[in-house]
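Structural characterization, general
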Amino acid sequence: MNINQNTHHEKLIDKFNRHINYVRISVTDRCDFRCTYCMSEKMQFVPRAQLLTLEEIALVARAFTELGVEKIRITGGEPLIRKNIMQLFENIGKLPKLKELTTTTNGSHLLALAKPLQDAGVERINISLDSLDPEKFRKITRIGNLKNVLSGIDKALSLDFKKLKINSVILKNRNHNEVVDLVRFAINRGIDISFIEEMPLGLIDEHNRNETYYSSDLIKNDLEHEYELVSSTISTGGPSRYYKIIGTDTKVGFISPHSHNFCSQCNRVRLTAEGQLLLCLGQEHSVSLKKIIRAFPGDIEKLKNSIRKAMEIKPKGHEFDLTEKPIIFRHMNVTGG
Ligand code: SAM
Ligand code: SF4
């Protein structure tokens, strides 16, 4: 049998008949912020020697595209602080079968890197922004500087990306009263915004997640005092529901792992910075691709075989429950948001 012919139009299909065409790759668990919902104040990061090298990450990315994956998102931690990260963007940007290369960033390095990202083929960027008040921004991120992020966003806006989107995690009594302001910020710039419910990933020390939970339905209700929202049919195959804001070019998305289950449509898997392939954000099922790469350096067929086999253990869905201690001990910065 000629494997090459067979794999020409290969697709990754899991046990529940879901087509996996999207991979999120975390390139580092480190970050220049310490957002209270994402990390504890004193984080232990993975020793650098345990991370996949940029070359190894590029090989995994290539393997996935040869298996039919068309969309790759580079994330972290903060992806733009990894040394020589632009090399990776450039390499992945050249993969012939890739249709979309995107990244998620806290925006702190966008002023310098927005243009290089665009040159490398990145067409869409998600930028996290939880507050427009410098003090509150500092409190939520512990060390972030709002001004840097805003100038990064301005830079990106000046460059005509296909799509820029704001991501905001909303916490009760932290920033829930800013949802209208954040939407206005997006409308004034002609970009979209998504609100994310806090997920119980990893142990954090700043707040009790039961007390800060602010549901998508509450946010939507707050917005409807100010704006008219109309359900949009757009689907990214992910957990977002989108609404058009009448009279504007802006769409608002709600990512609601608690209040709306999205697993039956799941089209994605994640690679951690250590080379662990996670089959589900909310479950522990995983396979070490690092082991394969290090045992058989450069052998892309071995890598592809492990990826194909991993699809058999992709679970049916997550089991998030706010009333329990986190069942997932990974922090979001490890998982790759
Ligand atoms: N550092 C980059 C950033 O902040 O955009 C990329 C990585 S970050 C882990 C990706 C996204 O996950 C961000 O939008 C962040 O707000 C979100 N996030 C982090 N921890 C979360 C949690 N516990 N629940 C929900 N979203 C979370
Ligand atoms: Fe860093 Fe992003 Fe986590 Fe904030 S959400 S601490 S910016 S990785």
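Residues numbered from 1 in each chain as written. Chains lettered and ligands numbered in written order. Predicted model: local features only at pLDDT ≥ 70, side-chain atom pairs only at ≥ 80, totals over all residues. Heavy atoms only, no water.

Digging into the site of ligand 1
Test applied: We call a residue near a given molecule or strand whenever any one of its heavy atoms falls within 4 Å of it. Each polar contact in these results corresponds to two N or O atoms within 3.5 Å; when the atoms are within protein, one needs to be able to donate a hydrogen and the other to accept it, and residues that are neighboring in sequence are counted only if both atoms are side-chain atoms. Where accessible areas are quoted, they stem from the Shrake-Rupley method and a 1.4 Å probe; at the residue level, only the protein chains shown are allowed to cover. A run of DSSP states H or I qualifies as a helix once it reaches four residues; a run of E qualifies as a strand once it reaches two. Both are numbered from the N-terminal end. Under the convention adopted here, Pro, Cys and the residues Ala, Val, Leu, Ile, Met, Phe, Trp and Tyr are nonpolar, Asp, Glu, Lys and Arg are charged, and Gly plus all remaining residues are polar.
Surveying the vicinity of ligand 1 reveals 19 residues, the closest of which are Tyr-37, Gly-77, Ser-128, Val-169 and Met-199. A distance of 2.7 Å separates a nitrogen atom of ligand 1 from a polar atom in the backbone of Met-199. Protein chains shield 96% of the accessible area of ligand 1, which is 540 Å² for the free molecule. Of all elements in the fold, only β5 (100–105) and β7 (163–169) reach the threshold of two or more residues within the shell around ligand 1. For the shell around ligand 1, the residue count by class is six nonpolar, nine polar and four charged.

Side note on the pattern of salt bridges
In plain terms, the rule: The salt bridge definition used is simple: a Lys or Arg side-chain nitrogen within 4 Å of an Asp or Glu carboxyl oxygen. Each residue is placed in one exposure class: buried if its accessible area under a 1.4 Å probe, protein chains only, is under 20% of its type's maximum, exposed if it is over 50%, and partly exposed if it falls in between.
Counted by the stated rule, this structure contains 20 salt bridges. Between Arg-18 and Asp-14 there is a salt bridge, with the nearest N and O atoms lying 2.7 Å from each other. The same class applies to Arg-18 as to Asp-14, namely buried. Between Asp-192 and Lys-251 there is a salt bridge; the shortest N-O distance is 3.5 Å.

Remarks on the packing of aromatic side chains
We count it as follows: We call Phe, Tyr and Trp rings a pair once their centres come within 6.5 Å, taking the six-membered ring for Trp, and we label the pair stacked below 30 degrees between planes, edge-to-face above 60, and tilted otherwise. Charges are assigned to positions over rings by a cutoff of 6 Å between ring centre and Lys NZ or Arg CZ, combined with an angular limit of 35 degrees from the ring normal.
If you walk through the whole model with that rule in mind, you get three aromatic pairs. Measuring from ring centre to ring centre gives 5.9 Å for Phe-33 and Phe-137, while their planes differ by 90 degrees; the resulting arrangement is edge-to-face. One end of the pair, Phe-33, is in the loop between β3 (22–26) and α2 (54–66); the other, Phe-137, is in helix α5 (residues 134–141), and 104 residues separate them in sequence. Across the pair, Phe-137 and Phe-33 agree in class, each one buried. For the pair Tyr-243 and Phe-254, a centre-to-centre distance of 5.7 Å together with 70 degrees between the ring planes defines the contact as edge-to-face. Within this pair, whereas Tyr-243 is found in strand β10 (residues 240–245), its partner Phe-254 is found in strand β11 (residues 251–255), the two being separated by eleven residues in sequence. Owing to a relative accessible area of 11%, Tyr-243 belongs among the buried residues under this scheme. The class of Phe-254 is buried, set by a relative accessible area of 0%. Three or more aromatic residues joined by ring pairs make a cluster, and in this case those are Phe-195, Tyr-243 and Phe-254. The residue whose ring lies beneath Arg-189 is Phe-185, and the NZ or CZ to ring-centre distance is 3.7 Å. The positively charged end of Lys-302 is found above the aromatic ring belonging to Phe-296, 4.5 Å away from the centroid.

Nothing here speaks to function; it is all geometry.
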